[in-house]
Amino acid sequence: MARIVAGVGCSHVHAIGDAIDLGKTEDEYWHRLFEGFKRSKELMSELRPDLLIGVFNDHGSAMPLQYIPTFSLGVAAEFKPADEGWGARQVPIVKGDPEFAWYLAEALILDEFDMTIINEMVVDHGLTVPLSLMFGPAKEWPCPVIPLCVNALTYPSPTGKRCFDLGRAIRKAVAAYAPDLRIVILGTGGMSHQIHGERSGLINSVWDKRFLDRLSSDPLELASIPLLEYVRETGAEGIEMVMWLIMRGALNDEVEEAYRFYHVPASNTAVGNIILMNRGSSG
Ligand code: DHB
Ligand code: FE
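All residue numbers here refer to positions counted from 1 along the written sequence of the relevant chain. The naming scheme follows written order: chains are lettered A onward, ligands numbered 1 onward. The model is predicted, so local features are restricted to residues of pLDDT at least 70 and side-chain atom pairs to those at 80 or more, both for listing and for counting; the totals for chains, interfaces and linings are taken over all residues. Side-chain calculation: all heavy atoms of the structure are included, whereas hydrogens and water are not.

K.L.:
Got a minute to help me understand the pairing of strand β2 (residues 51–56) in this structure?
P.N.:
For a regular strand, side-chain orientation follows a simple rule: the groups alternate between the two sheet faces. Remark: exposure states derive from per-residue accessible area (1.4 Å probe, protein chains only) relative to the maximum for the residue type, with buried under 20%, exposed over 50%, and partly exposed in between. Each helix corresponds to a stretch of at least 4 residues labelled H or I by DSSP, and each strand to a stretch of at least 2 residues labelled E; elements are numbered beginning at the N terminus. Of all six residues in β2, six are buried; the element is thus mostly enclosed. Residues Leu51, Ile53 and Val55 of β2 are buried on one face, and the alternating residues Leu52, Gly54 and Phe56, pointing to the opposite face, are buried as well. Should DSSP find at least two bridges between two strands, the strands are taken to pair. Relative to strand β8 (residues 182–188), β2 runs parallel, the two sharing five bridges. Within β8, the position partnered with Gly54 by the bridge is Leu186. As defined by bridge partners, β2 adjoins strand β7 (residues 145–150) across five bridges and the pair is classed as parallel. If you follow Leu52 over to β7, its bridge partner there is Val145.

K.L.:
Quick question: what am I supposed to make of the coordination of the iron ion (ligand 2) here?
P.N.:
Each pair of donors in an ideal four-coordinate tetrahedral metal site encloses 109.5 degrees, whereas pairs in an ideal six-coordinate octahedral site enclose 90 or 180 degrees. Bound to the iron ion (ligand 2) on the protein side are His12 (NE2), His59 (NE2) and Glu240 (OE), at distances that span 2.0 to 2.2 Å. Note that water is not among the atoms considered, so a metal site may appear incomplete; the donors listed are N, O and S atoms within 2.8 Å of the metal, with 3.2 Å applied to Na, K and Ca. Mapping the donors of the iron ion (ligand 2) onto the primary sequence gives the spacing H-x46-H-x180-E. Taken together, the residues His59 in the loop between β2 and β3 (71–74) and Glu240 in the loop between α9 (227–234) and α10 (242–249) connect sequence positions 181 residues apart.

K.L.:
Where do I start with a nonpolar patch on the surface in this structure?
P.N.:
Within this analysis, patches are made of residues with over 30% relative accessible area and no salt bridge. Like charges are joined at 9 Å or less; nonpolar side chains (Val, Leu, Ile, Met, Phe, Trp, Tyr) at 5 Å or less. Accessibility throughout is a Shrake-Rupley quantity obtained with a 1.4 Å probe, and a residue counts as covered only by protein chains that appear here. When a carboxyl oxygen of Asp or Glu is within 4 Å of a side-chain nitrogen of Lys or Arg, the pair counts as a salt bridge. Residues Leu65, Ile68 and Leu153 make up a contiguous nonpolar surface patch of roughly 280 Å² in combined accessible area. Following the sequence through the fold, Leu153 ends up in the loop between β7 and α6 (160–175). Residue classification places Leu153 among the partly exposed residues on the basis of a relative accessible area of 42%.

K.L.:
Help me out: how do you make sense of the sheet that holds strand β9 (residues 256–266) in this one?
P.N.:
Sheet strands line up and pair through hydrogen bonds in the backbone, either parallel or antiparallel. Strand order in the open sheet formed by eight strands is β6-β3-β7-β2-β8-β1-β10-β9, with mixed pairing between adjacent strands. Each edge of the sheet is formed by a strand with only one pairing partner; in this case those strands are β6 (116–118) and β9. Geometrically, the sheet is characterised by an average inter-axis angle of 20° between neighbouring strands, direction not taken into account. The pairing of strand β1 (residues 3–10) with strand β10 (residues 269–277) spans five bridges and is classified as antiparallel. Its bridge partner lying in β10, Val8 is registered against Ile275. Packed on one face of the sheet, helix α2 (residues 28–36) meets β9 and β10 and runs near 170° to β9. By definition in these notes, contact holds between two residues if any of their heavy atoms fall within 4.5 Å. Only C-alpha atoms enter the line fits that serve as axes; for helices the fit covers just the stretch in contact. Angles between N-to-C directions range over 0 to 180 degrees. Sitting on the sheet, helix α5 (residues 125–135) is in contact with β1, β2, β7, β8 and β10, with an inclination near 135° to β2.

By themselves, these figures tell us nothing about what the structure is for.
This is the structure:
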């Protein structure tokens, strides 16, 4: 049977992709950040996932503002990197797994999560930067990736509770999928940041670190945090962290924290990375 072996929370700051692509990872500004992701890459290669569920938000690259699906799932065979204004990143094309993706779409919709089905989409830094941080540089990503998009761009996003419950539904669907797949679920975005307006540059490290603590030990309490607390405490874009709750909801009640990294700054953003092994009972 398929099983989720680990969950990863990872920031997706655009400028990290630029630093990689422009060969600046050893520069003074970036060095410490990329050192912090070395262990993450080792852990990913030890985990050898057969499939990745990549939870991210599109930043207006694929989805025009005319249509704003709250949750959507990519069922295509491939997803090309988006041109976000400077040409597409020279990173591998994301290969999907239409068979599993259609299975997951059906399971989630029948479980009353109304996913928008995406047959064609480019993927922006929201997904490609975490892939680079976990698996790069690479000629091919190590396994198929199912993109699961969440609206974190236009208020209101789905609540943390709704995201956590979607994770639970993913967990149930995976457990009922016959092929023997080792699956890693990736929640991207955050941590605290605001990139526009009067509070531009806002960082709240105390809140971020408590978020990481509770992600391991008290996810239900974390899931009850209202959207406005994210905005107030972590900046308008900090709301991206609700996507980490989809990842956490898909894991067992008990997890083992294998790695944590927190760094400020990267552009305007506090960068976080956490790797949770799915060791406990499924509760
Ligand atoms: C930045 C943060 C983001 O979440 C993002 O999607 C793009 C850029 C930033 O801090 O620059
Ligand atoms: Fe973002």
